[in-house]
Amino acid sequence: MTKQRKLIVSIIQQSEKHLSAEEIYALAKEQMPSIVLATVYNNLNALTEQNIIRRVNVNGQRAYFDKNINPHEHILCDRCGAMKDIHVGDLTRLLQERSGMDISSYELNLHYICDACRKAEQRG
């Protein structure tokens, strides 16, 4: 594994949140000033293909990267964009039973307004 790839994996593994490619690039640039955005994108694609990290697509506009590759869902605040992992049970089995097809994967993002945004709206 290249030093750039190791750095990117380290950044994702140490993060408490899901990071965009641009956020990963900014953090990587602090530690490795010579790194370029294309290198970050190329490595994120490779790491996703190797199943080391998970790409989470949000509204077809932006991808975030998740250190948790196990099956799970995400909940997103429609105001601030905060994203959290949630586990709603064995949806793969349910989807297979309902569709009659062998489901290899799925992506489920639930939307809500987080407590902080709700409080800010009430104050505001």
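In this report, the structure presented in the accompanying data block is examined. Computed from a predicted structure; not experimentally measured.

Looking only at helices and strands, one finds five helices and six strands in the protein chain. In sequence order, the protein chain lays out its α and β elements as α-β-α-α-β-β-β-β-α-β-α. The principal-axis extents of the C-alpha atoms in the protein chain amount to approximately 50 × 50 × 25 Å. Residue burial in the protein chain is summarised as follows: out of 124 residues, 33% are buried. Excluding contacts between residues fewer than 6 apart, the proportion of contacts in the protein chain whose partners are at least 24 apart in sequence is 48%. Accessible surface, the protein chain as shown: approximately 8,100 Å² in total, 49% of it carbon and sulfur. The centroid of the 16 positive side-chain charges in the protein chain is displaced by 5 Å from the centroid of its 15 negative side-chain charges.

Once that is clear, we can look at unusual backbone geometry. Phi is positive for Asn 51, which is not a glycine, with a value near 60°. Inspection of the secondary structure assignment puts Asn 51 in the loop between α3 (37–49) and β2 (54–58).

What counts, and where the lines are drawn
Residues numbered from 1 in each chain as written. Predicted model: local features only at pLDDT ≥ 70, side-chain atom pairs only at ≥ 80, totals over all residues. Heavy atoms only, no water. Helix = DSSP H or I, 4+ residues; strand = E, 2+ residues; numbered from the N terminus. Buried < 20%, exposed > 50% of the residue type's maximum accessible area, 1.4 Å probe, protein only. Contact = heavy atoms within 4.5 Å. Areas by Shrake-Rupley, 256 points an atom, 1.4 Å probe, with all protein chains shown as cover. Lys, Arg positive; Asp, Glu negative; His and termini not counted. Charge placed at Lys NZ, Arg CZ, Asp CG, Glu CD.

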